[in-house]
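Structure at a glance
Below are the chains, spelled out letter by letter.
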Amino acid sequence: MNSKQNSSATESPLRFVIIGAGMGGILTAIKLKEAGFNNFVIVEKGDSVGGTWRENSYPGLHCDFPSHFYSYSFFHNPNWSRRFSPGAEIRDYLESAARHFGVHEAIQFNIKVTEGRWDGAAWTLELEGGRSLQCDVLLAATGYLHVPNFPDIDGLDDFEGPKFHTAQWDHSVALEDKRIGIIGTGSTSTQLVAELAGKVRNLTVFQRTPQWVVQQDNPAYSEAEKRAFAEDPSLLVKMYEEQKAEMVALADGAILGGNADARAYLVANVHENLARVKDPELRRKLTPDYEPGCKRIVISPRFYEAIQDPGCELVTEPIDRIEAGGVKTVDGTLHELDVLVIATGYDTQAFFRPLNLIGEDGRRTDEIWQKRPVAFRTMTIPHMPNFFMVEGPFSPIGNVCAFLTAELQVAHIIKLIEVVAEQHVAIAPREDKTAELLETYRDAARTTIWATGGCVSWYQDDEGVPTLYPFSNQTFEAEMTTDPDLTEYVLTPLSGRDMS
Ligand code: NAP
């Protein structure tokens with residue numbers, strides 16, 4: 001399982017498998033390599049780098065985080081085309097990071113891990129197709145937006161025209177002359193509507209719950225600006241820091257409520273934006289009855305403009321069933337369609353599942369996670385030795401930059417891996433400490449706007465408790481940058497193998 005990295009005899013013989021070649025997996029490989037752990041492979045279920053930015057390719061896909069911040073802090077890109085860049089640019093950026101840092105050659109594509117088993121000293125991974133792979137340390141960088149969620153609506157399979165989830169876009173279907181239906185009104189749907197309105201025969205958007213939408217312009221960077229960025233990298237650092245401050249103010253100040261002025265600005269922005277909808281009846285339909293920030297805030301330069309297009313219809317009557325020719329709402333209307341787009345998001349409680357892990361004493365993640373996802377400090381699971389997650393349960397996600405979260409986590413994980421290497425041990429969090437900390441997170445999460453704001457969202461588990469880091473970005477940064485307290489972990493000596 002030797003990767004083709006620059007290993008030397010003095011470097012650690014620990015063998016690593018990273019699952020996923022998206023933002024988190026590429027980052028993990030770069031940082032392992034930097035720390036002198038060169039013996040790794042990245043297994044990736046898809047055929048290229050990019051994770052959710054590879055899987056999603058729907059029209060209008062872009063990032064609603066400013067691009068200079070939605071990047072690795074150590075790999076700035078002078079060539080972002082816009083403040084909010086298209087998805088394909090982010091996918092290309094990840095590909096170029098993998099090549100620039102020499103980890104691309106360690107990726108094995110089109111491989112799905114179906115099961116992992118800890119044998120007391122190492123992990124054996126079963127791969128689809130019958131192969132297996134062994135490693136000392138297993139890292140899951142699978143993200144939380146990779147298992148499409150299909151709505152439980154009667155007749156979904158009866159629709160006769162093309163029908164696909166936004167994460168599985170069928171580019172062979174021409175849209176221009178078609179009547180297109182979109183189920184869902186989350187961040188994905190709003191981007192799609194903004195792109196398609198006025199360009200197709202008509203667009204019918206089926207809304208179950210309205211969203212609060214922040215208005216943000218999306219200016220392009222001029223060639224002169226890009227040249228300046230390339231010539232003076234300090235400008236890119238400045239952009240990163242400015243955009244970081246802006247987004248942290250949104251997440252901590254406006255959404256978590258730590259800053260009254262930021263909160264007031266957000267509330268005013270979403271109301272002013274909504275007021276741009278001229279027809280009072282359409283505006284009423286688009287007005288949420290919960291507090292801004294309860295669901296993930298949608299950031300869009302032109303959603304309201306698009307939904308007012310004469311070729312666009314917003315349907316708020318609940319869906320009764322799907323039929324061969326379209327979507328029937330409970331008032332008996334059949335909304336006739338040629339193409340049906342499912343924009344109903346992801347199973348955000350899946351994390352690395354459907355993969356199942358069998359840890360020490362035969363303990364299984366499907367049992368440990370039966371009630372809800374369990375994690376210690378977002379990265380480890382009791383009874384799963386030498387297993388680490390990037391963007392695991394209770395990570396700061398939603399309106400927080402995934403790159404920043406992952407960088408902090410991976411730095412912490414590397415410190416734990418150094419303990420594994422130096423002390424020749426397997427490491428897993430203590431069950432009591434995990435339960436204690438999770439209760440602290442969950443108690444705090446119950447008081448956040450994600451629980452108290454009067455909405456139902458994908459942030460919440462089946463008890464309505466948000467599976468999100470409930471404290472500020474600053475607190476998360478402090479938690480991740482503090483050296484691990486090894487009394488919180490079970491360290492099991494590993495004999496017979498030199499890990500130093
Ligand atoms: P989402 O936010 O989960 O939205 C799903 C939509 O489908 C909601 O409007 C939901 O309605 C609706 N829905 C679900 N089940 C339904 C059913 N049975 N019947 C009718 N409607 C149903 O999914 P998403 O828009 O794909 O976004 C997921 C996440 O991806 C985002 O929150 C964000 O983190 C990420 N994302 C990021 C970007 C970016 O630019 N950074 C872009 C796109 C997505 P309810 O509200 O009533 O549940």
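Residues numbered from 1 in each chain as written. Predicted model: local features only at pLDDT ≥ 70, side-chain atom pairs only at ≥ 80, totals over all residues. Heavy atoms only, no water.

The next point concerns helix α12 (residues 431-445). Helix length check: α12, at 15 residues, gives a terminal C-alpha distance of 20 Å against a target of 21 Å (1.5 Å per residue), a fit within 8%. Where α12 is concerned, the buried positions are T434, L437, L438, Y441, R442, A444 and A445. Considered in projection along α12, the buried side chains sweep an arc of 160 degrees and stay on one side of the axis. (Helix = DSSP H or I, 4+ residues; strand = E, 2+ residues; numbered from the N terminus. Expected span 1.5 Å × (residues − 1). Buried < 20%, exposed > 50% of the residue type's maximum accessible area, 1.4 Å probe, protein only. Arc of directions from axis to C-beta.)

For the rest of this paragraph, the subject is the site of the ligand. With respect to spatial proximity, 23 residues lie near the ligand, and among them D64, T185, T188, T209 and K295 are the closest. At 2.6 Å, a side-chain N or O of T188 approaches an oxygen atom of the ligand. Measuring from an oxygen atom of the ligand, one finds a side-chain N or O atom of T209 at 2.5 Å. Here the ligand, which alone exposes 910 Å², has 87% of that area covered by the protein. Taken together, the residues that form the shell around the ligand break down as 9 nonpolar, 10 polar and 4 charged. Of the domains in this structure, domain 1 (16-63 + 76-147 + 347-493) and domain 2 (148-213 + 280-345) are the two that each give at least three residues to the shell around the ligand. (Near = heavy atom within 4 Å. Polar contact = N/O pair within 3.5 Å; in protein donor to acceptor, adjacent residues only side chain to side chain. Areas by Shrake-Rupley, 256 points an atom, 1.4 Å probe, with all protein chains shown as cover. Nonpolar A, V, L, I, M, F, W, Y, C, P; charged D, E, K, R; others polar. Domains from an automatic or database assignment.)

On to the state of the cysteines, then. The full count for this structure, using the stated rule, is 1 disulfide. The side chain of C294 participates in a disulfide bridge whose partner is C455; the two sulfur atoms lie 2.1 Å from each other. Residues C294 and C455 are joined through a disulfide that is left-handed, its torsion about the S-S bond being -85 degrees. Pair noted here: C294 is in the loop between α8 (280-285) and β12 (298-300) and C455 is in the loop between α13 (449-452) and α14 (473-481), with a separation of 161 residues, a long-range link. Judged on exposure class, the residue C294 and its partner C455 are both buried. This cysteine, C63, is not joined by any disulfide, and C401 carries the nearest cysteine sulfur, 7.4 Å off. By relative accessible area, C63 is classed as buried at 3%. (Disulfide = S-S within 2.5 Å.)

Turning our attention to the packing of helix α1 (residues 23-34) against helix α3 (residues 87-100). As a packed pair, α1 and α3 sit with axes 10 Å apart at the nearest point and diverge in direction by 15 degrees. As judged from the angle between their axes, α1 and α3 are roughly parallel. The two elements α1 and α3 cross, and the hand of that crossing is left-handed. Here α1 contributes M23, I26 and I30 to the contact with α3, which in turn contributes L94, A97 and A98. (Axes fitted to C-alpha atoms, helices over the stretch in contact; angles between N-to-C directions. Parallel < 35°, antiparallel > 145°, perpendicular 65-115°, else oblique. Left-handed = near helix turned anticlockwise from the far one by under 90°. Contact = heavy atoms within 4.5 Å.)

Across 4 bridges, the pairing between strand β14 (residues 319-323) and strand β15 (residues 326-329) is antiparallel. Opposite I319, over in β15, you have T329 as the bridge partner. (Pairing = 2+ DSSP bridges.)

We now examine the domain arrangement of the protein chain. For the protein chain, the assigned domains read domain 1 (16-63 + 76-147 + 347-493) and domain 2 (148-213 + 280-345). Between domain 1 and domain 2, the C-alpha centre-to-centre distance is 31 Å. In this assembly, 24 residues from domain 1 lie in contact with 22 residues from domain 2. Carbon and sulfur atoms make up 55% of the surface buried where domain 1 meets domain 2, a total of about 1,900 Å² over both sides. On inspection of domain 1 and its partner domain 2, the count reaches 0 salt bridges. (Buried area = accessible area lost by both parts, 1.4 Å probe. Salt bridge = Lys/Arg side-chain N within 4 Å of Asp/Glu carboxyl O.)

Counted by the stated rule, this structure contains 30 aromatic pairs. With 5.9 Å between their ring centres and 35 degrees between their planes, Y72 and Y93 make a pair best called tilted. Of this pair, Y72 sits in the loop between α2 (52-55) and α3 while Y93 sits in helix α3, and the two are 21 residues apart along the sequence. The same class applies to Y72 as to Y93, namely buried. Cluster of aromatic residues (ring-pair linked, three or more members): W53, F65, Y70, Y72, F74, F75, W80, Y93, F101 and F403. We note K31 situated over the ring of F74; from NZ or CZ to the ring centre the distance is 4.1 Å. (Phe/Tyr/Trp six-rings, centres within 6.5 Å; stacked < 30°, edge-to-face > 60°. Lys NZ or Arg CZ within 6 Å of the ring centre and 35° of its normal.)

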